[in-house]
Amino acid sequence: MKKNLGQDAIYDARELGVPRMLVLGLQHLFAMFGATVLVPILVQGYGLPLSIQTTLFFAGIGTLFFHICTRLKVPAFLGSSFAYLGGFSAVAALDSGAYATMEPSVKLQYACGGIVVAGLLYVILAAVIKLVGVKKVMRFLPPVVTGPIIILIGLNLAPNAVSNASSCWWLALLSIAVIVAANIWGKGMVKIIPILLGVVIPYLVAVAANALGATAVDASGSVIPLMDFSAVAAAAPIGLQPFFTDFTGSIARFDVTSILVMAPIAVAAMMEHIGDMSAISATVGENFLERPGLHRTLIGDGIATSLAGMFGGPANTTYGENTGVLVLSKVHDPRVIRLAAVYAIVLSFIPKMADIIGSMPSAIVGGVSFILYGMISAIGVRNIVENNVDLTK
C-alpha cells in the first residue's frame, strides 16, 4: 500500500529507499547535535576538559548498544545528559584534600568515575523491575503521573530554546517558519524532513547574512559576529579521540567524594528515562515499557552511560529532540536512528566536519528546539487526554 508521506506512520523506512533513509538519518543527527555538543562545551566552561569528539563517539556507540539491548525495537537516540552538569560543576569546584592540588584533567577522570557508578544504578533498578514485573512498578506511575512528567520534560528544556533563540530572533523565527511550512504545506519527502530543512535553509541564509556583516548577541549581552569559523579553520581534518591517544589520562578514576556527587543524580535521570520511554511509546503507538520491557531500556541506557564515563565521556540519556522528530516526520523505524548513530561516530573522527556543524548559530538551534520541545509537551497532554485523566481528583 502506498504511504502518504508525512501523514501515515512508516515503521519500515526501507520502503522509502536507501537515499531517503540516509537523509532521514541526517535529520536525526542535526536534531541531537546541538544539545549533545553543548554539554562538553559547558563542562569545559567549568574548567574540566571534556572532549567533544569523545562525546559524539559514545553518543553513537551508546545508541547502537541501546538498540541491541532493546532488540532493535525502540526508536530512541542517546545523547549527552544535561542532568549531570551540576555534578560536573561541583567536582570542578572541589578544593579540599586531594582535590586541592588536582589537575582539571584528573578531576574529570574522577567525575567520570561517578558517572560509571550512576550508570550501574540503572542496572540495579532494571533488575528490580525484572524481578517484580513492570506492571507492578508502573502502578506507581499511571498516566496522571507520566503525562505531567512528559509535559515537564518539554517545559524544563524550553528555557534552553529561549536562551539560544534570543541571540538572533529573526534567524530563530526563520527556522520555525521553515519547519512549520514544510510540515503543513510540504509534499512527499519535504513533509518528512522539516527539521533538516529548518536547519539547512536558515544556515545558508546565516552564511550569506554573516558575509554582509550580520551580528548576534552572546550570553553576556555582547554583540558578536553571527557565525564564527575560527574553530573550523583550526580543526584537523582527521583526529582520534583522547582515549585513543592518551588512554591512562582518559580512563575513569574512582573516589568516594566524586561518586557521592555524581551517582545520586541517576535517580532523577532514571525518572526522566521512564518519561521518555512513555513519550516514545505514545508517539509510536506501541508499549515499549512492556515489549521489549522497561528493564531492557534501563540496562541499555545505564550501560551506555557507564561505558561513556569509563572512557572520559558524559552520561547518556534518551533524547527528547529525536522524539520530536519522530512526531513530525511520522517515520518510526529504529533503523533511521541507528543511521544517525553511525553518522555521530564518523563525525567524532572528523573534527573539521564537526566544527562546521558546530558553527551553526545558536539561534537556529533555539528555533528548532522550540518546535521539538513543544512536541514533547504535546505528547504529555495527549497522554493525559487519551487516558481520560481527571486532574480534579
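This is a predicted model, so every value here is computed, not measured. (Residues numbered from 1 in each chain as written. Predicted model: local features only at pLDDT ≥ 70, side-chain atom pairs only at ≥ 80, totals over all residues. Heavy atoms only, no water.)

A.B. asks: Run through the overall build of the protein, naming residues and quoting values.
C.D. replies: Each helix and strand counted, the protein has 18 helices and 4 strands in total. Against the globule reference of 21 Å for 393 residues, the protein gives a C-alpha radius of gyration of 21 Å, in line with a compact fold. Dimensions along the principal axes, computed over C-alpha positions, put the protein at roughly 65 × 65 × 45 Å. Here the protein holds 393 residues, and 52% of them are scored as buried. Contacts spanning at least 24 positions in sequence make up 82% of the contacts within the protein whose residues lie at least 6 apart. Of the roughly 16600 Å² of accessible surface on the protein, a fraction of 67% belongs to carbon and sulfur atoms. Each charge sign in the protein was given a centre, from 22 positive and 19 negative side chains, and these centres are 13 Å apart. (Helix = DSSP H or I, 4+ residues; strand = E, 2+ residues; numbered from the N terminus. Rg over C-alpha atoms; globule rule 2.2 N^0.38 Å. Buried < 20%, exposed > 50% of the residue type's maximum accessible area, 1.4 Å probe, protein only. Contact = heavy atoms within 4.5 Å. Areas by Shrake-Rupley, 256 points an atom, 1.4 Å probe, with all protein chains shown as cover. Lys, Arg positive; Asp, Glu negative; His and termini not counted. Charge placed at Lys NZ, Arg CZ, Asp CG, Glu CD.)

A.B. asks: Outline helix H1 (residues 18–45), listing residues and values.
C.D. replies: With 28 residues, H1 extends 41 Å between its outermost C-alpha atoms, agreeing within 8% with the 40 Å of an ideal straight helix rising 1.5 Å per residue. Maximum bend of H1: about 40°, positioned at Phe33. Directly after H1, the chain includes Gly47, whose backbone phi takes a positive value near 100°. (Expected span 1.5 Å × (residues − 1). Bend = angle between axes of the 7 residues up to and from the residue.)

A.B. asks: So what about the pattern of salt bridges? Which residues, and what values?
C.D. replies: Per the stated rule, a full pass over the model turns up 3 salt bridges. In this structure, the salt-bridge partner of Asp12 is Arg335, at a minimum N-O distance of 3.4 Å. Taken together, the positions of Asp12 in the segment before H1 and Arg335 in helix H16 (residues 334–347) put the pair 323 residues apart, joining distant regions of the chain. Look at Arg335 and you get partly exposed, because its relative accessible area is 28%. Arg335 serves as the salt-bridge partner of Asp333, at 3.0 Å between the closest nitrogen and oxygen. Within the structure, one salt-bridge network assembled from shared partners comprises Asp12, Arg14, Asp333 and Arg335. (Salt bridge = Lys/Arg side-chain N within 4 Å of Asp/Glu carboxyl O.)

A.B. asks: So what's going on with the side chain of Ser167? Which residues, and what values?
C.D. replies: Within the element layout of this structure, Ser167 appears in the loop between helix H6 (143–165) and helix H7 (169–185). Given a relative accessible area of 10%, Ser167 falls into the buried group. For Ser167, the side chain forms a polar contact with the main-chain oxygen of Asn164, separated by 2.8 Å. Within the local environment of Ser167, its side chain forms a polar contact with the side chain of Ser362, the two groups lying 3.0 Å apart. When near neighbours in sequence (up to four residues on either side) are disregarded, Ser167 contacts Ala216, Val217, Ser362 and Ala363. (Polar contact = N/O pair within 3.5 Å; in protein donor to acceptor, adjacent residues only side chain to side chain.)

A.B. asks: Give me the environment of Val365: which residues, what numbers.
C.D. replies: Tracing the backbone through its elements, the reader meets Val365 in helix H18 (residues 362–386). The exposure class assigned to Val365 is partly exposed, which follows from its relative accessible area of 22%. Along the chain, Val365 and Ala31 lie 334 residues apart, while their C-alpha atoms are 8.5 Å from each other. Not counting residues up to four positions away in its chain, the partners in contact with Val365 are Asn164 and Met360.

A.B. asks: Kindly report on the packing of aromatic side chains, identifying the contributing residues and their values.
C.D. replies: Going through the model one piece at a time under the given rule, you end up with 12 aromatic pairs. Both rings, one in Tyr99 and one in Tyr110, keep their centres 5.9 Å apart while their planes meet at 65°; by these two values the pair is edge-to-face. Taken as a pair, Tyr99 in the loop between helix H3 (85–93) and helix H4 (104–132) and Tyr110 in helix H4 lie far apart in primary sequence, 11 residues in all. Both residues of the pair, Tyr99 and Tyr110, belong to the buried class. (Phe/Tyr/Trp six-rings, centres within 6.5 Å; stacked < 30°, edge-to-face > 60°.)

A.B. asks: An account of the confidence of the model for the protein is requested, with residue identities and associated values reported.
C.D. replies: Across the protein, pLDDT averages 89, with 99% of residues at or above 70. Element-level pLDDT for the protein is lowest in H6, with a mean of 81, against a maximum mean of 97 in H16. (pLDDT = per-residue confidence, 0-100.)

A.B. asks: Lay out unusual backbone geometry in plain terms, naming residues and giving numbers.
C.D. replies: For the bond from Arg291 to Pro292, the omega torsion is 10°, close enough to zero to count as cis. Inspection of the secondary structure puts Pro292 in helix H14 (residues 289–310). Even without being a glycine, Arg71 presents a positive backbone phi close to 60°. Its place among the elements puts Arg71 in the loop between helix H2 (52–69) and strand S1 (78–80). Phi at Lys330 is positive, roughly 60°, even though this residue is not glycine. Accessibility expressed as a relative area gives 28% for Lys330, which makes it partly exposed.

A.B. asks: Could you give an account of H18, naming the residues involved and the relevant values?
C.D. replies: When the terminal C-alpha atoms of H18 are compared, their 36 Å separation across 25 residues agrees well with the 36 Å that a helix rising 1.5 Å per residue should span. Bending of H18 peaks at approximately 25° at the position of Ser369. Within two residues after H18, Asn388 carries a phi angle of roughly 50°, on the positive side.

A.B. asks: A description of the packing of H2 against H14 should follow, citing residues and the corresponding values.
C.D. replies: It is at 8 Å that the axes of H2 and H14 come closest, and there the two elements cross at 150°. Judged by the angle between their axes, H2 and H14 are roughly antiparallel. Both H2 and H14 take part in a crossing whose hand is right-handed. For the pair formed by H2 and H14, the contact residues are Phe58, Ile61, Gly62, Phe65, Phe66 and Cys69 on the first element and Arg296, Thr297, Ile299, Gly300, Asp301, Ile303, Ala304, Leu307 and Ala308 on the second. Classifying every residue of the contact of H2 with H14 by side-chain character gives 10 nonpolar, 3 polar and 2 charged. (Axes fitted to C-alpha atoms, helices over the stretch in contact; angles between N-to-C directions. Parallel < 35°, antiparallel > 145°, perpendicular 65-115°, else oblique. Left-handed = near helix turned anticlockwise from the far one by under 90°. Nonpolar A, V, L, I, M, F, W, Y, C, P; charged D, E, K, R; others polar.)

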